[in-house]
Amino acid sequence: MTIQARDTAAPVHLRTVTFAHPDAIRLNDSVQLEYAERYGDDGDVTPLDATMFEPPRGRYLIAYDEHGTALATGGWRSLDKNEEGYEDGDAELKRMYVTPQARGLGLARRILAALEDDARAAGRVRMVLETGTKQPEAIALYLSSGYALAEVKFGHYRFEDISRCYVKQL
């Protein structure tokens, strides 16, 4: 999947990569450092592996500029009803991240829309995500994109007071 991002001074392309791709690993390391700084812990320890993001059961995107620099990332993975509170047909958003130098360009919103479209096309019926109270810009993005606070929390951090879970019908 390659998508030309709109309304930026320079072309930005969204590319499907594996979660094991070197750029994905580097951006994941960066987001983990940011989580650790914000929350004072070791980052997000939700168990993930690269196969979770392989189409058609998921997708992992990276936004690249015209020089091939990785600027932003995000993925979704298929989940169905389980003991962590997910429901049949869920697509879980994971590892949304924009590098500091690319913030404010609308890349997170573009990745989010592309992931929602892809999950819908794959037959998923609800996009879900888990974030924390120390990420107010993420919460603002999700609320402005039509997500609602989940009535019942789900996921690895569902019992944490600072965890917030959001849902959107696809």
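Every value quoted in this text rests on a predicted model; they were computed, and no experiment measured them. (Residues numbered from 1 in each chain as written. Predicted model: local features only at pLDDT ≥ 70, side-chain atom pairs only at ≥ 80, totals over all residues. Heavy atoms only, no water.)

## A look at the layout of surface pockets
Then, in step 1: Counted as a void, the largest pocket has a volume near 850 Å³.
Then, in step 2: Taken together, 36 residues form the lining of the largest pocket, with Tyr35, Met96, Thr131, Gln135 and Ala138 sitting closest to its centre.
Then, in step 3: Contributing elements (two or more residues each) for the lining of the largest pocket: helix H1 (22-39), strand S5 (90-98), helix H2 (107-121), strand S6 (126-132) and helix H3 (136-144).
Then, in step 4: For the lining of the largest pocket, the element with the most residues is S5, which contributes six residues.
Then, in step 5: When grouped by side-chain class, the residues that make up the lining of the largest pocket number 17 nonpolar, eight polar and eleven charged. (1 Å grid on protein atoms, 1.4 Å probe; cavity = no way out; pocket = protein on both sides within 12 Å on 5 of 7 lines; lining within 4 Å. Points joined across faces, edges and corners; volume = space filled by probe spheres on them. Helix = DSSP H or I, 4+ residues; strand = E, 2+ residues; numbered from the N terminus. Nonpolar A, V, L, I, M, F, W, Y, C, P; charged D, E, K, R; others polar.)

## Concerning the pattern of salt bridges
Then, in step 1: Using the criterion set out here, one finds 13 salt bridges in the structure.
Then, in step 2: Put simply, Arg26 and Asp23 hold a salt bridge, and the shortest N to O gap is 3.7 Å. Placement of the pair is Arg26 and Asp23 together in helix H1, with a separation of three residues, close to one helical turn.
Then, in step 3: Arg26 gets classed as partly exposed once you look at its relative accessible area, which sits at 39%. (Salt bridge = Lys/Arg side-chain N within 4 Å of Asp/Glu carboxyl O. Buried < 20%, exposed > 50% of the residue type's maximum accessible area, 1.4 Å probe, protein only.)

## Structural notes on the packing of aromatic side chains
Then, in step 1: In the structure shown here, the tally under the stated rule is five aromatic pairs.
Then, in step 2: Here the aromatic rings of Phe19 and Phe53 are separated by 4.9 Å at their centres, their planes lie at 45°, and the arrangement is tilted. Separated by 34 residues along the polypeptide, Phe19 in the loop between strand S2 (12-16) and H1 and Phe53 in the loop between H1 and strand S3 (58-65) bring together distant segments of the chain. Taken individually, Phe19 and Phe53 each receive the classification buried, so the pair is uniform in this respect.
Then, in step 3: Put simply, the rings of Phe19, Phe53 and Tyr60 pair up and form one aromatic cluster.
Then, in step 4: A cation over a ring is seen here: Arg15 above Tyr64, with NZ or CZ 3.9 Å from the ring centre. (Phe/Tyr/Trp six-rings, centres within 6.5 Å; stacked < 30°, edge-to-face > 60°. Lys NZ or Arg CZ within 6 Å of the ring centre and 35° of its normal.)

## Quick notes on H2
Then, in step 1: Compared with an ideal rise of 1.5 Å per residue, which puts 15 residues at 21 Å, H2 spans 21 Å between its outermost C-alpha atoms and is within 8% of the ideal.
Then, in step 2: With its phi angle positive at about 95°, Gly123 sits one or two positions after the end of H2. (Expected span 1.5 Å × (residues − 1).)

## A closer look at the packing of H2 against H3
Then, in step 1: It is the contact of H2 with H3, at a shortest axis distance of 11 Å, that shows an interaxial angle of 50°. With respect to H3, the axis of H2 lies oblique. H2 and H3 meet at a crossing whose hand is right-handed. Together, Ala108, Arg109 and Leu112 of H2 and Leu141, Tyr142 and Ser144 of H3 make up the contact between the two elements.
Then, in step 2: Of the residues assigned to the contact of H2 with H3, the class counts are four nonpolar, one polar and one charged. (Axes fitted to C-alpha atoms, helices over the stretch in contact; angles between N-to-C directions. Parallel < 35°, antiparallel > 145°, perpendicular 65-115°, else oblique. Left-handed = near helix turned anticlockwise from the far one by under 90°. Contact = heavy atoms within 4.5 Å.)

## Some remarks on the environment of Asp41
Then, in step 1: Within the secondary structure, Asp41 sits in the loop between H1 and S3.
Then, in step 2: Each C-alpha atom, one on Asp41 and one on Leu79, is 26 Å from the other, the two residues being 38 residues apart in sequence.
Then, in step 3: Here Gly43 takes part through its backbone nitrogen, which lies 2.9 Å from a polar atom of the side chain of Asp41. (Polar contact = N/O pair within 3.5 Å; in protein donor to acceptor, adjacent residues only side chain to side chain.)

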